[in-house]
Amino acid sequence: MAIPDRSDGIGPEPAAAPPADARSSSANLLSPSSLRSAGRRTASVVVLAAIDVVGLVIGLYGALALRAAVVDPKPILWGFLWDQAWDWLPFLILVLLLVFWRGGLYGPREVREGVGRIVPSVFLVAALSLAFALGTGQHVTTFGLYIVGAVFVSTTISLLRASYGALTGAILKVAGVRRRAIVVGRDPGQRMHLREILGSSRAGIEYEFVADTDPGPSVEQLLGETKLDDVIVADAGISDERLLEIVDAAERRGVKVRVAPRATELLVERGEYVPGLGAPLFDLRSPIFAGTDWVVKRVFDISVAVLIVVVGSPVWLLIALAVACTSRGPVFYADPRVGLGEREFRMLKFRTMVVGADRQQQLLERANEASGALFKIRRDPRVTRVGRILRRLSLDEVPNVVNVLRGEMSLVGPRPLPLRDYERLEAWHRRRYNVLPGITGLWQVAGRSDLTFDDLVRLDFYYLENWSIWLDISVLFRTPGAILSRRGAY
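Residues numbered from 1 in each chain as written. Predicted model: local features only at pLDDT ≥ 70, side-chain atom pairs only at ≥ 80, totals over all residues. Heavy atoms only, no water.

**Comments concerning the overall build of the chain**
- Across its full length, the chain carries 17 helices and 12 strands.
- Across the 490 residues in the chain, those meeting the buried criterion constitute 40%.
- Here the analysis covers contacts within the chain between residues at least 6 apart in sequence; of these, 71% occur between residues at least 24 apart.
- Roughly 27100 Å² of accessible area belongs to the chain as shown, and the carbon and sulfur atoms make up 63% of that amount. (Helix = DSSP H or I, 4+ residues; strand = E, 2+ residues; numbered from the N terminus. Buried < 20%, exposed > 50% of the residue type's maximum accessible area, 1.4 Å probe, protein only. Contact = heavy atoms within 4.5 Å. Areas by Shrake-Rupley, 256 points an atom, 1.4 Å probe, with all protein chains shown as cover.)

Below you can see the structure in the form of C-alpha cells.
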C-alpha cells in the first residue's frame, strides 16, 4: 500500500492528535510540574506552621510577662517566666496546628483566610487548653491569662502572617506570576461585570484576562491555543449540556473552572435529600435562626453590642459634638427601614444629612449611580461635611447597636433597606427578610456599593445558607479593613 506524498498538499490530512488529558496522565503524580507544585505547597505549609509556632511562643511569653508585671511588679526573671509554661508548650503547639489545619488556615493561598479565621481559632485553642487543664485537675491560677494570651497570640500570628503574605505577594509580582483566565458567558455586559468585580488580583496574584467569549466553540479553541489557569463561567443562559462540555474540555487540560452561581443554586445549597420517592427531590430548609443557633447568635450580639457602647462612649460623644456644632438639627436620625418579617422599624444613626433631606430625594432620582433597588450618589449634595467623613468611615452606623439591644437588628446580617429601596425589590429578593438585618455583612466586606444589587442579594443568600458564629466573627474582623480600603463607600 503506497503512502501518499504530503509535499504537494494532495491527499487526506492526517487525523488531529487528541488533546492531552491532564486527568489521565500516567505521570500526573510524578511529573516535574506536579512535584514542583507539591514541593511549593509543602514549603508553604511548613513556613506557615513555623510562623504560627513563633507567634504562639512570642504571644504567650508576652502574656506571661504582662501578668508578672501586673501581679508582682518586680524585676522580671525572664527565664523563670518561661519555665512556668515550658511543660505546656508542646501541647499548645499541637492543638494550635490541628485547629488551624481544621480551620483551613494552611490551605492554598487563594482560599486561605486571614485574621477573621485566626482570631476565633486561637480563642478555640485557649478554650480547649482551659478545658483540658480543668478536666485533668491542673491548678489554674488565673482565667484571665487564657484571654490575654489568646489576644496576644492572635495579634502576633496575624501580624506575622500579614507580613509573610505581603512579602510573598511582592515576590510573586516581581517574578511576573500571573493567573491567566478567560471569562465565558452569553451576555457581553455580564462578562465585563464579572471582570470588574473580580478585580486585578486574587490573594496577591495578578489576574491576566486573556479574553472573554460566548460559550460557543471559541472556548475549546482558546483552551487549545492558550495556556490558562482559570475558566470563569457566568452560567446564566448556558445549557447544562454545554456547561458540562466546557468543564470537561477545561479539566482535560488541567484548567480550573469557576462558576458564578445563580440564585437558585444558592437556595439549594443546604437542600436535604428526601429518600424513598420516585424522583430525586431535595427539601429546601427555611433560612431562619431558631433553637440553639438563635440563642448563640443573640447572646453574641448582646455581648458585643454592650462592649461597643461601653468602650465607644467617648467616641460617641465626640461625634455627637461634631454633628451638633457643624449643622442645624438633631444629632441622631431615626431612619425608617424594613427588617425581620418585612416589618418596619426605626434604625438609629448619627445624622449625616441636612434636615429635610428625605423630601429632596425625589428630585435626585435621575442622579442615582447605583443599580437595582439601591439609591446611591457619590457626591450627594444633602450630605454635610462631617456627615461625609462619618459615611466614609461608616461611623454614622455605630448607633445601630441600640437596635441590636432592642432585638431589631443583629451585628451581622443582610443590610436593612430604606422604604424607597424596599418598594423596588423583586419577589425573589424578599427571602433576605427571614432573619434580623445586620449592622454589617457580606455586602460590606465584598465590595460594598461597587457590586450590582443582584450580586448583593446573592451574597445575602450565601450568608443565610452558610451561617455560623465563626462566619459572623470573620465578617466583623474583616469589616474595618473593608472600610479603610474605601471600596464602594460613599
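Text resumes after the structure shown.
**Here we look at the nonpolar core**
- Ranked by size, the top nonpolar core spans 40 residues in total, and within it Phe350, Leu417, Leu425, Phe453 and Tyr463 carry the most contacts.
- If you list the elements that add at least two residues to this core, you get helix H10 (291-326), strand S9 (344-350), helix H12 (385-392), helix H13 (400-406), strand S10 (410-412), helix H15 (442-445), helix H16 (453-466) and helix H17 (469-485).
- One finds Val95, Val99, Ala126 and Tyr164 within the second-largest nonpolar core, a separate group that totals 25 residues. (Core = buried A, V, L, I, M, F, W, Y, C linked by side-chain atoms within 4.5 Å.)

**Some thoughts on the side chain of Arg179**
- Position of Arg179 relative to the elements: it lies in strand S1 (residues 178-184).
- Within the structure, the side chain of Arg179 is placed 2.7 Å from the side chain of Asp230, a separation counted as a polar contact. (Polar contact = N/O pair within 3.5 Å; in protein donor to acceptor, adjacent residues only side chain to side chain.)

**A short note on unusual backbone geometry**
- Its identity as a non-glycine residue notwithstanding, Glu342 has a phi of 60 degrees, on the positive side.
- On the secondary structure map, Glu342 appears in the loop between strand S8 (332-338) and S9.
- Unusually for a residue other than glycine, Ser394 sits at a positive phi of about 60 degrees.
- Here Ser394 lies in the loop between H12 and H13.
- Given the relative accessible area of 16%, Ser394 is considered buried.

**Overview of empty space enclosed by the protein**
- A complete count under the given rule lists 2 cavities of 30 Å³ or more for this structure.
- For the largest cavity, the calculated volume is near 40 Å³.
- In terms of lining residues, the largest cavity is bounded by Val338, Gly339, Pro414, Arg415, Pro416, Arg432, Tyr433, Val435, Leu436 and Pro437.
- Taken together, the residues of the lining of the largest cavity break down into 7 nonpolar, 1 polar and 2 charged.
- What lines the second largest cavity is Val412, Gly413, Pro414, Gly441, Leu442, Leu459, Asp460 and Tyr463. (1 Å grid on protein atoms, 1.4 Å probe; cavity = no way out; pocket = protein on both sides within 12 Å on 5 of 7 lines; lining within 4 Å. Points joined across faces, edges and corners; volume = space filled by probe spheres on them. Nonpolar A, V, L, I, M, F, W, Y, C, P; charged D, E, K, R; others polar.)

In short, geometric facts, not functional conclusions.
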